[in-house]
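A look at the structure
Here's the letter readout for the chains.
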Amino acid sequence: MPKNKFQAAVFGVIMSYAMAIGMEVYNVALREGVQLTPGGLSNMTNSVFLGALEEAWYMGLLVALFSNLWGNRLGAAIGARWCDARRDSPAFCQLMRQAGTVAVMCPTMSLAATILFYGMLGGTPVFQLPAVWVGTVLKNFPMAFFWNMFAASPFTRWAFRRLFAVKG
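First, a word on scope: everything that follows refers to the structure included in this document. (Residues numbered from 1 in each chain as written. Predicted model: local features only at pLDDT ≥ 70, side-chain atom pairs only at ≥ 80, totals over all residues. Heavy atoms only, no water.)

Scanning the protein chain from N- to C-terminus turns up 4 helices and 0 strands. The C-alpha atoms of the protein chain give a radius of gyration of 17 Å, which matches the 15 Å a tight globule of 168 residues would have. Expressed as lengths along the three principal axes of its C-alpha atoms, the size of the protein chain is roughly 50 × 35 × 30 Å. When burial is assessed residue by residue, the protein chain has 40% of its 168 residues classed as buried. In the protein chain, the share of contacts with a sequence separation of at least 24, taken over all contacts with a separation of at least 6, comes to 70%. Carbon together with sulfur atoms contributes 70% to the accessible area of the protein chain, which is approximately 10000 Å² in total. (Helix = DSSP H or I, 4+ residues; strand = E, 2+ residues; numbered from the N terminus. Rg over C-alpha atoms; globule rule 2.2 N^0.38 Å. Buried < 20%, exposed > 50% of the residue type's maximum accessible area, 1.4 Å probe, protein only. Contact = heavy atoms within 4.5 Å. Areas by Shrake-Rupley, 256 points an atom, 1.4 Å probe, with all protein chains shown as cover.)

Encoded structure:
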């Protein structure tokens with residue numbers, strides 16, 4: 001959809017923060033134990049959203065940085081392995097690129113979160129961090145995949161079309 005570097009940068013920032021906010025809401029809710037209460041995640045309170053916004057501002061910066069450094073390129077390469085633009089529909093190719101990007105960015109951001117929240121701020125011993133990272137990827141991947149497919153990407157495309165008066 002973006003037609004130039006400026007539009008691509010705006011699209012990237014919107015997507016980065018759409019992903020960061022959604023994932024931080026999920027992770028803050030889990031950290032507060034909301035899923036363990038009767039009714040589960042339906043019992044979230046405003047404090048979850050406040051905590052998520054506090055973390056999303058800097059996690060969004062990390063998402064933008066890592067996606068620009070390698071996430072978008074590797075995601076596109078993975079998507080291209082599953083999609084042939086000459087014979088497959090554009091929608092299918094878009095979904096494959098999104099899936100490829102999540103497959104790269106979820107482990108990347110889970111590593112960043114493991115180092116930051118468990119290592120630097122949590123005091124977890126360094127030798128335990130690989131195990132914590134694997135657990136973090138396992139916890140976050142389903143949410144990252146579905147959040148990207150059904151919330152962050154549609155929202156980003158909608159917002160981008162409104163900002164730049166782009167059709168389709």
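The structure having been displayed, the exposition proceeds.
This next bit is on the nonpolar core. Of all hydrophobic cores here, the largest spans 11 residues; its members are A20, A56, M59, V63, F66, M105, M109, A112, A113, L116 and F117. For this core, the secondary structure elements donating two or more residues are α2 (46-82) and α3 (90-120). For this core, the element with the highest residue contribution is α3, accounting for 6 residues. Here F117 is in contact with E55, Y58, M59 and G122, once residues within four sequence places are set aside. In this structure, M15, M19, L30 and C106 belong to the second largest nonpolar core, which totals 10 residues. (Core = buried A, V, L, I, M, F, W, Y, C linked by side-chain atoms within 4.5 Å.)

The final tally for this structure, using the stated rule, is 1 disulfide. Put simply, C83 and C93 are joined by a disulfide, and their sulfur atoms are 1.7 Å apart. Residues C83 and C93 are joined through a disulfide that is right-handed, its torsion about the S-S bond being 45°. Here C93 lies in helix α3 and C83 lies in the loop between α2 and α3, a separation of 10 residues in the sequence. A relative accessible area of 12% means that C83 is categorised as buried. Exposure remark for C93: the relative accessible area of 17% places this residue in the buried category. (Disulfide = S-S within 2.5 Å.)

A word on helix α1 (residues 5-31). For α1, built from 27 residues, the straight-helix expectation of 39 Å at 1.5 Å per residue is met to within 8% by its first-to-last C-alpha distance of 38 Å. If you check the start of α1, you find a side-chain oxygen 3.1 Å away from the backbone N of F6, and it comes from N4. A positive backbone phi angle near 80° is found at G33, which sits one or two residues after α1. (Expected span 1.5 Å × (residues − 1). Polar contact = N/O pair within 3.5 Å; in protein donor to acceptor, adjacent residues only side chain to side chain.)

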